[in-house]
Amino acid sequence: MRLAAADLGASSGRVMAGTVGPGVLAVEEVHRFPNGGVRVARAGGSTLYWDILGLYRELLTGVRAAHKAGALDGLGIDSWAVDYGLLDASGALLGNPVNYRDARTEGVAERVLETVPARELFDVTGLQQLPFNTLYQLLAERDLSAAETLLLIPDLLNYWLTGVRGAERTNASTTQLYDVRSREWAVGLAERLGIPARLLPLLRDPGTVVGTLLPDLAAELALPELPVVAVGSHDTASAVVGVPAEPGTNFAYISSGTWSLVGLELGEPELGDAALAANFTNEGGVDGTIRFLRNVMGLWVLSESLRTWDAQGTPVSLPSVLAQAAEVPALSAVVDIDAPVFLPPGDMPSRIRQACAETGQRVPETPGEIVRCVLDSLALAYRRTVRQASELTGRPVDVVHVVGGGVRNELLCQLTADACGVPVLAGPVEAAALGNVLVQARALGADLPDLAAMRALIRDTHELRRYEPSGREADWARAAARIDPRVVA
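What this report covers is the structure whose coordinates are included nearby. On a predicted model such as this, the values are computed, not experimentally measured, just so you know.

## Things to note about the pattern of salt bridges
Logical step 1: In total, this model carries 31 salt bridges according to the counting rule given.
Logical step 2: E58 is paired through a salt bridge with R57; the nearest N and O atoms lie 4.0 Å apart.
Logical step 3: E473 is the partner of R387 in a salt bridge, and the nearest nitrogen-oxygen pair spans 2.9 Å. Of this pair, R387 sits in helix 14 (residues 367-393) while E473 sits in helix 18 (residues 473-483), and the two are 86 residues apart along the sequence.
Logical step 4: E473 gets classed as partly exposed once you look at its relative accessible area, which sits at 34%.
Logical step 5: Via salt bridges that share partners, D7, R14, R408 and E430 belong to a single interconnected network.

Rendered as structure tokens:
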């Protein structure tokens, strides 16, 4: 079976061609393209949008290229969460989707909590408080009167492909408008906050065949009327399918990319007061699982640092700066990588220097020193989050699986093992694409009855790299205390 997996990230997108069969699982990239915000001026300021039509064009280009290389049997799309397009009654898009990093939601969460207390909001949705959650974005819209339907990014693209509207549950669960217990829209919550229930489309499970390519579109692309499958359309949901964990192991996962999603796979949501206070989230996973996790800032800070140096006329290659970082003494300087100052685009090296100065540490100056600070700080955030997840659920963690683009960063993988104090198994890099094609394949008839079977096929067909911890627990505890006085060194 040959399948196209569109995996759309906040920094780049790609279309992968996947092959699935007995003892066979492989993906190859057939088309990659840049992605990112497009800032447009408006009266009194500017708005950061996504180029959704450009993404759709690149998606079609990639699917056509994949089919030319070998006949396709299906197509599935996963992407980042929370962002959406609004359709009018005719099905026309009302405007470009706004990028979650836009400042329009500043102060919105605080206003919501005056109406719906944090405890009640968490009890219904199970979500961590992030300023860009879909709920807050909708409340920041100027006018919803013309809007008939809200479609998250993968659902919007699926609609343009098939003409069928709907919302896949793993991504719907990230909106803060979804009831994590009933697995349905939290209509009462939406209406209480002034969000029309008509905006919330019918829900569907991952593995549902949405429809087939519209005949005119298929003819235009010289493609058959392919089935389009709703996979785990939140890219982390697909990536967690791609975590090659052994059955019965006590594993944590880190889906490492622009964001790092760090957590555990549960059967039921964890909604206690401690989970709320720790700002953990309960998002839907494939086969009714719960992704109990926290968002950690991720490689965004590193990529923005590289972009800044390039814009300043002193470009630095990633391999060379990682080699320099490896020579910098460990834990020379660390920052709270999850601090709000690191969320918006901008001059990350300057922000890192300032954060180090404010905490009385030696200020990193060279690119190698700054990158080492970023990586050590990321590993500290992973340590904190893995330990919190374990404590909140009462589940020990014996191994951490790292999947996604961060697998290529060998220094970060080793630092993660050192910081967490347990072995790290790194791989596969293409976990989201693999999870995407596996869910497609099952929907289209492959003998992959459950997550255990899917993960066994990954283990049988992909190599993993193991990193052992160095045993320097005291050093990491002291470093953690530098940025959080509550930590006992």
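## A closer look at unusual backbone geometry
Logical step 1: Along the chain, G427 connects to P428 via a cis peptide bond; the corresponding omega equals 0 degrees.
Logical step 2: As for its position among the elements, P428 is in the loop between strand 20 (424-426) and helix 16 (431-443).
Logical step 3: The backbone of L331 sits at a positive phi, close to 60 degrees, despite the residue not being glycine.
Logical step 4: Of note, L331 is situated in the loop between helix 12 (318-327) and helix 13 (348-358).

## Focus: the packing of aromatic side chains
Logical step 1: Considering all chains together, one arrives at seven aromatic pairs under this definition.
Logical step 2: Seen from their ring centres, W50 and W80 are 4.3 Å apart, and the 40 degrees between their planes marks the pair as tilted. Taken together, the residues W50 in strand 5 (residues 45-50) and W80 in the loop between strand 6 (74-79) and strand 7 (84-87) connect sequence positions 30 residues apart. One exposure class covers both W50 and W80, and it is buried.
Logical step 3: Both rings, one in W50 and one in Y100, keep their centres 6.2 Å apart while their planes meet at 45 degrees; by these two values the pair is tilted. Of this pair, W50 sits in strand 5 while Y100 sits in the loop between strand 7 and helix 2 (108-115), and the two are 50 residues apart along the sequence.
Logical step 4: Among the aromatic side chains, those forming a connected cluster through ring pairs are W50, W80, Y100, F132 and W259.
Logical step 5: Positioned above the aromatic ring of W300 is the side chain of R101, whose terminal nitrogen or guanidinium carbon lies 3.7 Å from the ring centre.

## With respect to the sheet that holds strand 14 (residues 227-230)
Logical step 1: The strand order 3-2-1-6-14-13 describes an open sheet built from six strands, whose pairing is mixed. The open sheet is flanked by strand 3 (24-34) and strand 13 (208-212), the only strands paired with a single partner. Each strand axis lies, on average, 25 degrees off the axis of its neighbour in the sheet, ignoring direction.
Logical step 2: Contacts from helix 5 (residues 153-162) reach strand 1 (2-8), strand 6, strand 13 and strand 14, with the element oriented near 150 degrees to strand 6.
Logical step 3: Together, strand 1, strand 2 (12-21), strand 3, strand 6 and strand 14 form the strand contacts of helix 16, whose direction differs from that of strand 1 by roughly 135 degrees.

## So, the sheet that holds strand 20
Backbone hydrogen bonds are what pair the strands of a sheet, in a parallel or an antiparallel way.
Logical step 1: Read from one edge of the open sheet, seven strands run 17-18-16-15-19-20-21, paired in mixed fashion. Of all the strands in the sheet, the pair left with one neighbour each is strand 17 (281-284) and strand 21 (465-467). On average, adjacent strands in this sheet sit at an angle of 30 degrees to one another, irrespective of strand direction.

## Things to note about the pairing of strand 14
Logical step 1: Across the two faces of strand 14 the burial is the same, with P227 and V229 and V228 and A230 all buried.
Logical step 2: The pairing of strand 6 with strand 14 spans two bridges and is parallel. Note that in strand 14 the partner of L75 across the bridge is V228.

The rules behind the values
- Residues numbered from 1 in each chain as written.
- Predicted model: local features only at pLDDT ≥ 70, side-chain atom pairs only at ≥ 80, totals over all residues.
- Heavy atoms only, no water.
- Salt bridge = Lys/Arg side-chain N within 4 Å of Asp/Glu carboxyl O.
- Helix = DSSP H or I, 4+ residues; strand = E, 2+ residues; numbered from the N terminus.
- Buried < 20%, exposed > 50% of the residue type's maximum accessible area, 1.4 Å probe, protein only.
- Phe/Tyr/Trp six-rings, centres within 6.5 Å; stacked < 30°, edge-to-face > 60°.
- Lys NZ or Arg CZ within 6 Å of the ring centre and 35° of its normal.
- Pairing = 2+ DSSP bridges.
- Axes fitted to C-alpha atoms, helices over the stretch in contact; angles between N-to-C directions.
- Contact = heavy atoms within 4.5 Å.

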